[in-house]
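Fold and contact review
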Amino acid sequence: MSQNSFNNDFILASREHKKEDTLVRVDDILIGGDSFVAIAGPCAVENEEQLVRIAEMVKRSGAQILRGGAYKPRTSPYAFQGLGDQGLKILKNASEMIGMPVVTEVMDIRDVEKVAYCADIIQLGSRNMHNYSLIKEVAHTKKPILLKRGLCATIEEWIMTAEYILQEGNEQVILCERGIRTFENSTRNTLDLSAVAYVRAVSHLPVIVDPSHGTGRWYLVSPLAKAAYPVGAHGVMIEVHHSPKEALSDGEQSITPEKFHILMEEMKELKNLNRAKWNWHKA
Ligand code: PEP
Ligand code: MN
């Protein structure tokens, strides 16, 4: 660690090391550069009917990638822990049936192989951002990785974890800002949009925003998803549930497919901003 916390110690993830933006490829979808991707789906896979229903609706509204957790890192051991292996199978079937790539979290090193088989993007969750042995194992799969920022991690620590993945020879890393813990308690976390602009300035890696975990409140998801665009995010990841009140996890931060549709329509207008011309770099 350098004495000056404003110095970047990461090398492979830095702009100095690589000038051009890294593009992460998932089927024919490119994440990074000038693109903006919408990832949507339920917090957790609850059953096949639920997942397929939500997937069809978000796809119709323009989401390109489906999300859904099979293994859920819940704060309480009494809360729904996810369907596990069964959830993974449901995810793979839905993905093939609907024709949407999927992202799902792996929590345990013993599950890495099967998650790599079923998922197009492997999510490393906030609680595992410092779990370097899990991270290296996931890097070895060569699959695209969605790396969430740790709940209490600095931007530098977060990019350093990406550096571990790059060092293992996997360049397919997407950073995901999902809010950090602060003294503020009106929102579940404090969504750090300055981190997004910062990442764009110092790194070539794509960065997306998760306004669902970032705010914890469904009515803040749409404003913060839109705010992600002008600060330079390469996409958003949003929790959507057809019946948030009945969701087995994170219902209070899930928006309905109807609200997601409105958000996607509003985002189309934002894209007229032509931000490709804007300067994101320090120079
Ligand atoms: C999730 O996206 O399902 C999740 C658990 O997020 P986080 O790791 O950011 O809490
Ligand atoms: Mn969730």
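The paragraphs below set out a description of the structure included in this document. The shown structure was predicted, so the numbers you read here are calculated from the model rather than taken from an experiment.

Let us now look at unusual backbone geometry. Positive phi outside glycine occurs at D27, with the angle close to 55 degrees. For D27, the location among the structural elements is in the loop between strand 1 (24-26) and strand 2 (29-31). We classify D27 as exposed; its relative accessible area is 53%. A positive phi angle, close to 70 degrees, is found at K142, a residue other than glycine. Within the secondary structure, K142 is located in the loop between helix 4 (132-140) and strand 7 (145-148).

In this section: the coordination of the manganese ion (ligand 2). Protein coordination at the manganese ion (ligand 2) comes from C43 (SG), H213 (NE2), E239 (OE) and D250 (OD), with a distance range of 2.0 to 2.4 Å. Between consecutive donor residues of the manganese ion (ligand 2), the sequence gaps follow C-x169-H-x25-E-x10-D. Taken as a pair, C43 in the loop between strand 3 (37-41) and helix 1 (48-61) and E239 in strand 10 (residues 235-239) lie far apart in primary sequence, 196 residues in all. In this structure, C43 and E239 share a single accessibility class: buried.

Quick look at the site of ligand 1 now. Surrounding ligand 1, one finds R67, K72, P73, E105, Q123, G125, S126, R127, K148, R178 and H213. Contact distances for ligand 1 include 2.9 Å between an oxygen atom and a side-chain N or O atom of K72. One of the side-chain nitrogen or oxygen atoms of R178 is found 2.6 Å away from an oxygen atom of ligand 1. In isolation ligand 1 exposes 300 Å². Once the protein is present, 97% of that is buried.

What follows concerns the packing of helix 1 against helix 9 (residues 257-270). When two helices pack together, their arrangement is given by the angle between the helix axes and by the axis-to-axis distance. Contact pair helix 1 / helix 9: the axes reach a minimum separation of 9 Å and the direction vectors enclose 15 degrees. The angle between helix 1 and helix 9 places the two elements in the roughly parallel class. When the axes of helix 1 and helix 9 are compared, the crossing they make is right-handed. In this structure, helix 1 contributes M57, V58 and S61 to the contact, and helix 9 contributes P257, E258, F260, H261 and M264.

The subject of this paragraph is the pairing of strand 7. Burial along strand 7 is two-sided: I145 and L147 facing one way and L146 and K148 facing the other are all buried. Where strand 6 (residues 121-124) lies against strand 7, 3 bridges are found, and the strand directions are parallel. Bridge pairing in strand 7 links Q123 to L146. Taken together, the 4 bridges between strand 7 and strand 8 (residues 173-177) define a ladder with parallel strand orientation. Paired with I145 across the two strands is V173, which belongs to strand 8. Each parallel crossover has a hand, and the one from strand 7 via helix 5 (residues 155-167) to strand 8 is right-handed.

About the cut-offs
- Residues numbered from 1 in each chain as written.
- Chains lettered and ligands numbered in written order.
- Predicted model: local features only at pLDDT ≥ 70, side-chain atom pairs only at ≥ 80, totals over all residues.
- Heavy atoms only, no water.
- Helix = DSSP H or I, 4+ residues; strand = E, 2+ residues; numbered from the N terminus.
- Buried < 20%, exposed > 50% of the residue type's maximum accessible area, 1.4 Å probe, protein only.
- Donors = N, O, S within 2.8 Å, 3.2 Å for Na, K, Ca; no water.
- Near = heavy atom within 4 Å.
- Polar contact = N/O pair within 3.5 Å; in protein donor to acceptor, adjacent residues only side chain to side chain.
- Areas by Shrake-Rupley, 256 points an atom, 1.4 Å probe, with all protein chains shown as cover.
- Axes fitted to C-alpha atoms, helices over the stretch in contact; angles between N-to-C directions.
- Parallel < 35°, antiparallel > 145°, perpendicular 65-115°, else oblique.
- Left-handed = near helix turned anticlockwise from the far one by under 90°.
- Contact = heavy atoms within 4.5 Å.
- Pairing = 2+ DSSP bridges.
- Right-handed = clockwise from strand over helix to strand, strands pointing away.

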